[in-house]
Amino acid sequence: PRGPSAAARRRNPFSSLDNAPQRAAAAPHPPAAAPAGGDPSAAPFWQFLESGCEEKPPRRAEPAERSDILTLSKDLHSPLAVPKVPSSPRQEFPADWSIKTRVLFMSSQPFTWAEHLKAQEEAQGFAQHCRAAETTLPQSVQEPRLCSELRCAFQQSLVYWLHPSLPWLPLFPRIGADRRIAGKACPWAQDEALQHVLMSDWSVSFTSLYNLLRARLCPYFYVCSAQFSVLFRAAGLAGSDVPTAAIAPTTRGLREAMRSEGIEFSLPFLEESRTRKQKNSEESLETETADGLGGGSSVEDAGEPAPSDDDDDDGSFSWLEEMGVQDKVKKPDTISIQLRKEKHEVQVDHRPESLVLVRGSNTFTLLNFLISCRSLVAMAGPQAGLPPTLLSPVAFRGGTMQTLKARSISGRARVQGGFEDVFSLEVLGPILPHTLHALTLVLGPAQRGAFRALLSPHEPSAAFNSSTAPPQEAVRHDLPACGLHPKTLDQLSQCPTLGKSSIRLLEMKDYAYTWKA
């Protein structure tokens, strides 16, 4: 059978699940799913193995087809299809600061407990979120479907806050979103007065979030524009004792504009690369020197390390004067010297290595810089005049409460010797770092300590897993009133260890985690 068309793959994965084209009545893949809290009919299991697939209308499954279709799910259990995971299970997985667009949980236990929440349970979940109530669940829930506390905690974990709120537009991701936004109604595109109103309202919300962060009432938040994203973190998170802001990807022009505003920042990946090269160079020189002395050859024969482009050049040409040829050799001008110094910075533009880290009081200067930054809002194209998206785990002025889309999927997979039941729970939307951890706290007891999760990260945000604290710092501050579960807060307080990568496979077995980045 043919897979989804190119148009289906481009379809916005966050669009309404009830507005799919009615053209798949003859599709050879029968449905076997039930969306949580919605229509009991659902889409075929194979569809959720690819992100952004088009929704198919429900129809009754035929037994003859069912076993053939769901053999596709056997790949989920194949050793070749699943990447290797660390062999040493741990009680906690590392913090992942990338934003996930989709997570598919799989388990041998059904996820029916996550379906059809009662109105009271949904309301209780919202209330628990707004009041930052901590829910304590037993290690194992024997009857998840009858456990109201579990279902309320699940609803609580799906909540996030967004600004601006334009239901007809996909507001995340923003990088590379022109194709999905094109053709949508954007009345502000040609109306400067309306653009001014939107940006004024956005600035109030942005400032509100920053004030909450400085007061340690908001643990972190994201600013997502069409060109780059910014992650603001409160003091005490990611091993830093001061507020931090990470920007990725960046360009030389943006960095120069920040320097001109007096914003001090670092390039962690470039600095790490320089340190590593310098260390390797020193070790190589020591080895070659030792070999040369031991073998009777001169140091010159061993050769010296090639000069690094990262070496500082002060622009001095005194050595030409010593040779008496200072007037006969054309010396490079100041601009050429500066370009040579910035060679590596320019090479990493638009790449994860271009991540910029701002610390301490400079984050306040960055706030004012971003509010007045012209490149923050697209001047042309489908996103012209549209303010950046603000994503937060807690309420803020002008923010709108949103919930992630969740649906359960069931089927049978062909395995050696017969078939086995396959149960899955798919979560779609901007899945923030605390949400992933909160979901694992709920799924552990509900699935009896065993599940597997396939994660789809928003690639530009993976760079946020860079370390934010100097090696000697790693000081932790308490953030008791920031709205996160204590265990989630403990995880996010640790120094990032994933670098430029993000977790793509997370597995729990006997209540212990393994993962693959």
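Above this text you will find the structure in question.
Reference entry: report on the structure contained in this document. (Residues numbered from 1 in each chain as written. Predicted model: local features only at pLDDT ≥ 70, side-chain atom pairs only at ≥ 80, totals over all residues. Heavy atoms only, no water.)

Structural notes on the overall build of the chain
In terms of regular secondary structure, the chain is built from 15 helices and 14 strands. Residue burial in the chain is summarised as follows: out of 517 residues, 47% are buried. For the chain, the computed accessible surface area is about 25600 Å², with 51% contributed by carbon and sulfur atoms. (Helix = DSSP H or I, 4+ residues; strand = E, 2+ residues; numbered from the N terminus. Buried < 20%, exposed > 50% of the residue type's maximum accessible area, 1.4 Å probe, protein only. Areas by Shrake-Rupley, 256 points an atom, 1.4 Å probe, with all protein chains shown as cover.)

Quick notes on the pattern of salt bridges
Tallied over the full model, the rule gives 11 salt bridges. A salt bridge links K500 to E353, with the nearest nitrogen and oxygen atoms 2.7 Å apart. Of this pair, K500 sits in the loop between α15 (486-493) and β13 (505-509) while E353 sits in the loop between α12 (343-347) and β7 (356-359), placing them 147 residues apart in sequence. Residue classification places E353 among the buried positions, given a relative accessible area of 15%. (Salt bridge = Lys/Arg side-chain N within 4 Å of Asp/Glu carboxyl O.)

Focus: the packing of helix α14 (residues 433-446) against α15
α15 packs onto α14 with a crossing angle of 130 degrees between their chain directions and a minimal axis gap of 10 Å. Considered as vectors, α14 and α15 are oriented oblique to each other. Here α14 and α15 pass one another in a crossing that is right-handed. Between α14 and α15, the contacting residues are P433, H434, H437, A438 and L441 on the first element and K487, T488, Q491 and L492 on the second. (Axes fitted to C-alpha atoms, helices over the stretch in contact; angles between N-to-C directions. Parallel < 35°, antiparallel > 145°, perpendicular 65-115°, else oblique. Left-handed = near helix turned anticlockwise from the far one by under 90°. Contact = heavy atoms within 4.5 Å.)

Concerning the nonpolar core
The tendency in soluble globular proteins is for nonpolar side chains to be buried as a group. One finds W97, F105, Y222, F232, M258 and L366 to be the most contacted residues of the largest nonpolar core, which totals 102 residues. Filtering out sequence-adjacent residues up to four positions away, F232 remains in contact with F206, Y210, L213, P219, Y220, F221, V223, T244, A245, T363, L366 and L370. (Core = buried A, V, L, I, M, F, W, Y, C linked by side-chain atoms within 4.5 Å.)

A word on the pairing of strand β12 (residues 450-457)
The side-chain alternation of β12 yields one buried face, formed by F451, A453, L455 and P457, and one unburied face, formed by A450, R452, L454 and S456. Here strand β2 (residues 100-107) runs beside β12; their pairing, made up of 6 bridges, is antiparallel. Bridge assignment links K100 to a residue of β12, and that residue is P457. Where β12 and β13 come together, 5 bridges link them in antiparallel fashion. The residue of β13 that forms the bridge with L454 is L505. (Pairing = 2+ DSSP bridges.)

As for the sheet that holds strand β3 (residues 159-163)
Backbone-to-backbone hydrogen bonds pair the strands of a sheet. The strands run either parallel or antiparallel. Across the sheet, which stays open at both edges, the 7 strands sit in the order β7-β6-β5-β4-β8-β3-β9 with antiparallel pairing between neighbours. Bordering the open sheet on either side are β7 and β9 (400-403), each of which pairs with just one other strand. Neighbour to neighbour, the strand axes of the sheet diverge by 25 degrees on average, direction disregarded.

Brief notes about the side chain of R102
Within the fold, R102 resides in strand β2. Of the polar contacts made by the side chain of R102, one reaches the side chain of E426; its length is 2.9 Å. (Polar contact = N/O pair within 3.5 Å; in protein donor to acceptor, adjacent residues only side chain to side chain.)

Limitation: the analysis is restricted to geometry and does not speak to function.
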